[in-house]
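Analysis of the macromolecular model
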Amino acid sequence: MKQILKTISKQHNVQFNYIEEEVSVFKLEPPVRALSLSEKLQHLEAKTRLDFEMINNKYIAISTQKKAPTKLAEVMDTIPIDLNEIKIERYLTTGMSKNLDGSFTVHPKKFGILPGLIEADALQTMQQIPGIYSADQTISNINVRSGTHDQNLFLWNGIRMFQTGHFFGLISAFNPSLAQKITISKNGSSAFYGESTSSVIAISSLHDGIESSNYGMSANLISAEFNAKVKTSEKSSFQLSGRRSFTDFASSPTYRSYYDRVFQNTIVKNITTNENITYTTDEKFYFYDFTGQYQQKLGYRSELILDVIGINNALEINQNTETATRKSNLEQQNFGGSLNFKTKWNEKNSTTINGYVSYYNLDALNEAIENDQVLAQQNTVLDYGWRLENKHLLGENFTFSNGYQYNEIGVSNSENINNPLFSKKIKEVIRTHALVLETELKNNEGTLFLKTGLRSNYIEDFAKLLLEPRLQFNYAFTKKFNIEILGEQKSQTSSQIIDLQQDFLGIEKRRWTLANDSTIPIQRSNQISLGFSFRDQNWLLTLDNYYKKVTGIYSPSQAFQNQLEFSRINGDYAVVGTELLIQRNFKHFYTWLSYGLSNSDYTFSETLPTQFANNFQIVHTVSWAGIYEWENLKIALGSKWHSGRPETSPSTSNLDLSNPAKPEIIYNNPNNKNMSEFFEVNLSANYNWKLTSKSGLQFGISILNILNRNNIINRYYRVNKTNESIESVNTVALKRTPNLSVKFSF
């Protein structure tokens, strides 16, 4: 509303006088530019119930009529704005909300605080939502309702991202200082989203209008960053950001804790098992990312946006003996760009055209000092395409959208070994065409929301047509009680698999590959959920019950480390679950408790038994947080507890020595038992100083795993050839990890 008034002021050389709180709650479509001043004021009066009084030819006073709304929730009941309006404000924390279509939205600039977090990190924040977790405590392996990480679709300004983490999974690759809006959907996603069988995470750094210039700098115990938003004219601006770690020349307690977590049980910390070789090692690790955006208004109704993003992780390991030096290295990159054009033909019709490209590369060179073997591995992905989306407002409460999308994705995998001499390179390409239809409907009372969609994917290389319906339904029986039904069918042709656990130095061992419609099928998912929500002035209660089934999974994508580790079989998994959230708000303090219950099972027809627990199943999950916000101070204390992940234990302590050259472990049935439970307590706090009207200083502190609990998050078994025995190998979560941050904005 404020932006509309500002525009009208410039067009007609007038000045509005109003109370900030009475105007800032409104969001609506601007009146047509060609209308006269009086017609525009009549339009705004009809939409807002505000009174516009002409004092003279220059000044216009805005005041309330009988009763102007003072809360955003009241505005939503009276104004026909975008149908994706907010349903529940302050979901878990300030700046986070749940929408009528079942999705969640995070506005980082309004973000409050969560335990263990001092910034609105998109991938860490989403793990606070019931049903979303990381079985191995990384953001490069986020599991949504028992799904694998590659089954999630990550978008940054419309660009698909194939790398999501720095420090190989412990830090988000997306700069939290830049994001304007983060949308997370567990189920019932829009038909305009494809290529995923689990969740959708869409990150946008675009501002609604051309904002005034602003800048920021910040640093913590791992990295430093900057961001700049520069207004070049009334209709254009550009935005730059950059972040780099200083871990290659400085070591902090945070870095050492991250180092021990990431590189345990990998070549970095287990260079050789040959005790007859005396060697020394040193390693150098760093990461960086950058983004750029140019925004140009074209006339009153059109806009052009150009985006670029770059992400890089680099690790170098040096091994030295008295007679030789070996260097191993690993580099992971994701670069992308998009060009977006939006135009509003009139008040009822608009079009968006987007072209994008994303390039991912994973390179590893492993020089073994004990046998002079050199192994070079590479995994690359080139993904590009374009999208067309038309939106038509056919009535005050009914919207029809349609569009077309084209996507071409190419994946290549190569390996080269010098001893024995071996070389392999495989390249695959898949082209997909998609037609999209979508409708949105709500009633005048604001109690009904219905969104239906149909996505038809034609996979050119397989000559296969896949129809994918989507559904979002929300009905308010009263002002306090809602029912929600979400459903979707989705598919994906790309996935991450593990050939060998020691690939890529054992650190980022997953490689992208494409379906071939035979040995690696197209993955398809079906999901439906029934939810209820109750909200009173100070209480919020939500309950979601869901069923999800994913077919066409390929066993190497499931990270088996038991008798199925080297199998190449297809199957599916099904999960049934319940997610509960209870939140209580006080004046400056609020607290919430969430609980998740799920049962997830694989079905592989070629195994015995054919059905067993999912590798990423966590049956019980409990999270709690207490958050205090008063003026410039924010403090959050919280805890996480969940039952242990499945593991497969050996059936006997003895090895199978029928083949002395290759002794094997005899296992029990897959995932026959669970590891011990996980529990940690986290703390965050920050304080803001407002230095001037445009500048501020923020200081933050966080401590992960305050109790320094030894949480085992993965376990597998291997053969000890020295004494011909079985030994277990545990992966331990982060120990107590402190972090400090300081941010200056101006």
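Quick notes on the rules
Sequence order sets the numbering: in each chain, residues are counted from 1 along the sequence as written. Where totals are concerned, whole chains, interfaces and linings use all residues; where local detail is concerned, this predicted model gives features only for residues with pLDDT of at least 70, and gives and counts side-chain atom pairs only at 80 or more. Where side-chain values are given, they derive from all heavy atoms of the structure, hydrogens and water being excluded. We count a stretch as a helix when DSSP gives it H or I for four or more residues in a row; a strand needs E for two or more, and each element gets its number in order from the N terminus. We define a polar contact as two N or O atoms separated by no more than 3.5 Å, with the added condition that, inside protein, one atom must be a possible hydrogen donor and the other a possible acceptor, whereas residues neighbouring each other in sequence contribute only through side-chain atom pairs. When checking whether two residues touch, look at their non-hydrogen atoms; a contact exists if any pair is within 4.5 Å. Accessibility here uses a 1.4 Å probe with only protein chains present; expressed as a share of the type maximum, an area under 20% marks a residue as buried, one over 50% as exposed, and anything in between as partly exposed. Two distance rules govern patches: like charges are joined within 9 Å, and nonpolar side chains (Val, Leu, Ile, Met, Phe, Trp, Tyr) within 5 Å, applied only to residues with over 30% relative accessible area and no salt bridge. Methods summary: accessible areas were calculated by the Shrake-Rupley approach with a probe of 1.4 Å, and residue burial reflects only the protein chains presented. One speaks of a salt bridge when a side-chain nitrogen belonging to Lys or Arg is within 4 Å of a carboxyl oxygen belonging to Asp or Glu. Two strands are counted as paired when DSSP detects at least two bridges linking them. In summary, the pairing rule links any two rings of Phe, Tyr or Trp, Trp by its six-membered ring, whose centres are within 6.5 Å, and it sorts them by plane angle into stacked for under 30 degrees, edge-to-face for over 60 and tilted for everything else. For every element, the axis is a line fit to its C-alpha atoms; helices are fit only across the contacting stretch, and the angle between N-to-C directions ranges from 0 to 180 degrees. For this classification, under 35 degrees means roughly parallel, over 145 means roughly antiparallel, 65 to 115 means roughly perpendicular, and everything else is oblique. In this classification, Asp, Glu, Lys and Arg are treated as charged, Ala, Val, Leu, Ile, Met, Phe, Trp, Tyr, Cys and Pro as nonpolar, and every other residue, Gly included, as polar. Confidence scores here are pLDDT values: one per residue, from the predictor, ranging 0 to 100. Helix span is expected to be 1.5 Å times the residue number reduced by one. The arc in question is formed by the directions pointing from the helix axis toward the C-beta atoms.

**Quick look at the side chain of asparagine 379**
Tracing the sequence through the fold places asparagine 379 in strand E22 (residues 374-395). A polar atom in the side chain of asparagine 379 sits 2.8 Å from the backbone nitrogen of tryptophan 512. Residue contacts for asparagine 379: discarding those within four places in its chain leaves Tyr360, Asn361, Leu362, Val411, Ser412, Asn413, Phe504, Arg511 and Trp512.

**A word on the environment of serine 213**
Tracing the backbone through its elements, the reader meets serine 213 in the loop between strand E14 (200-204) and strand E15 (214-220). The class for serine 213 is partly exposed, based on a relative accessible area of 33%. Residues serine 213 and arginine 90, 123 residues apart in the sequence, show an inter-C-alpha distance of 28 Å. Once residues lying within four places of it in the same chain are set aside, the contact partners of serine 213 are Lys229, Val230 and Lys231. Within the structure, serine 213 has its side chain in polar contact with the backbone nitrogen of lysine 231 (distance 2.9 Å).

**Quick word on helix H6 (residues 253-263)**
For an α-helix the count is 3.6 residues per turn, leaving residues at separations of three or four pointing the same way. With eight of eleven residues buried, H6 is to be regarded as a mostly interior element. Taken together, the buried positions of H6 are Thr254, Tyr255, Ser257, Tyr258, Tyr259, Arg261, Val262 and Phe263. Just downstream of H6 lies asparagine 265, where phi reads positive at about 60°.

**As for a nonpolar patch on the surface**
On the surface, a nonpolar cluster with roughly 600 Å² of combined accessible area is contributed by Tyr687, Trp689, Leu691, Phe699, Ile701, Leu740 and Val742. When contributions to the nonpolar patch are tallied by element, the ones reaching two or more residues are strand E39 (678-690), strand E40 (696-704) and strand E43 (737-745). Checked against the element boundaries, phenylalanine 699 lands in strand E40.

**Focus on the pairing of E43**
Sheet topology note: the E15/E43 ladder contains five bridges and is antiparallel. The partner of glycine 216 across the bridge, within E43, is serine 745.

**Observations regarding the pattern of salt bridges**
In total, this model carries 27 salt bridges according to the counting rule given. Between aspartate 248 and arginine 244 there is a salt bridge, with its nearest N and O atoms 3.0 Å apart. Across the pair glutamate 727 and arginine 718 runs a salt bridge, and its minimum N-O distance is 2.7 Å. Taking the relative accessible area as the measure of exposure, glutamate 727 reaches 26% and is therefore partly exposed. Put simply, Glu415, Asp499, Asp503, Arg511 and Arg568 are held in one network by salt bridges that share partners.

**Comments concerning the packing of aromatic side chains**
Per the counting criterion, the structure on display carries 29 aromatic pairs. When the centroid spacing of 6.4 Å and the interplanar angle of 90° are considered together, the rings of phenylalanine 16 and phenylalanine 52 count as edge-to-face. Residue phenylalanine 16 is found in strand E1 (residues 15-17), and its partner phenylalanine 52 is found in strand E2 (residues 50-54); the two are separated by 36 residues along the sequence. Relative accessible area serves as the criterion here: at 8%, phenylalanine 52 is assigned to the buried category. Measuring from ring centre to ring centre gives 6.0 Å for tyrosine 255 and tyrosine 259, while their planes differ by 45°; the resulting arrangement is tilted.

**Quick look at the sheet that holds E1**
Here we have three strands laid out as an open sheet, ordered E1-E3-E2, and mixed in their pairing. The open sheet is flanked by E1 and E2, the only strands paired with a single partner. Here the average twist between neighbouring strands, direction ignored, is 25°. Sheet topology note: the E2/strand E3 (residues 59-64) ladder contains five bridges and is antiparallel. Bridging across to E3, leucine 50 finds its partner in threonine 64. This element, helix H1 (residues 2-12), spans E1, E2 and E3 of the sheet and lies at about 140° to E1.

**Quick word on the packing of H1 against helix H3 (residues 37-48)**
Where H1 contacts H3, the two axes come as close as 11 Å, and the packing angle between them is 170°. Judged on the interaxial angle alone, H3 and H1 are roughly antiparallel. For the pair formed by H1 and H3, the contact residues are Ile4, Leu5, Ile8, Gln11 and His12 on the first element and Leu37, Lys40 and Leu44 on the second. Looking at the contact of H1 with H3 residue by residue, the class counts come to five nonpolar, two polar and one charged.

**Description of the confidence of the model for the chain**
Per-residue confidence for the chain averages 89 on the pLDDT scale, and 95% of its residues sit at or above 70. Taken as a whole, residues 66-84 scores under 50 in pLDDT and shows 46 contacts with residues more than four places along the chain or in a different chain. Low pLDDT, under 50, characterises residues 271-276; the predicted model gives this stretch seven contacts beyond four residues in sequence or across chains.

**Concerning H3**
Along its twelve residues, H3 runs 16 Å from first to last C-alpha, staying within 8% of the 16 Å computed at 1.5 Å per residue. Turning to H3, its buried residues number three or more, namely Leu37, Lys40, Leu41, His43, Leu44 and Thr48. Considered in projection along H3, the buried side chains sweep an arc of 155° and stay on one side of the axis. In this structure, H3 carries Gln42 and Ala46 as exposed residues pointing more than 90 degrees from its buried face.

**What about the environment of serine 676?**
Residue position: serine 676 is located in the loop between strand E38 (673-674) and E39. Residue classification places serine 676 among the partly exposed positions, given a relative accessible area of 40%. Other than its neighbours up to four places away in sequence, serine 676 contacts Gly644 and Ile712.

**A few points about unusual backbone geometry**
Asparagine 419 connects to proline 420 through a cis peptide bond whose omega is 0°. Considering the arrangement of structural elements, one finds proline 420 in the loop between strand E23 (398-418) and strand E24 (421-442). Proline 609 follows leucine 608 through a cis peptide bond whose omega is -5°. In this structure, proline 609 sits in the loop between strand E33 (589-603) and strand E34 (611-613). Of note in the backbone geometry, leucine 505 takes a positive phi value of approximately 65° without being a glycine. Tracing the chain through its elements places leucine 505 in the loop between strand E28 (494-497) and strand E29 (511-514).

**Quick look at the side chain of serine 257**
Among the structural elements, serine 257 can be located in helix H6. Apart from residues no more than four positions distant in its own chain, serine 257 is found in contact with Leu734, Lys735, Arg736 and Thr737.

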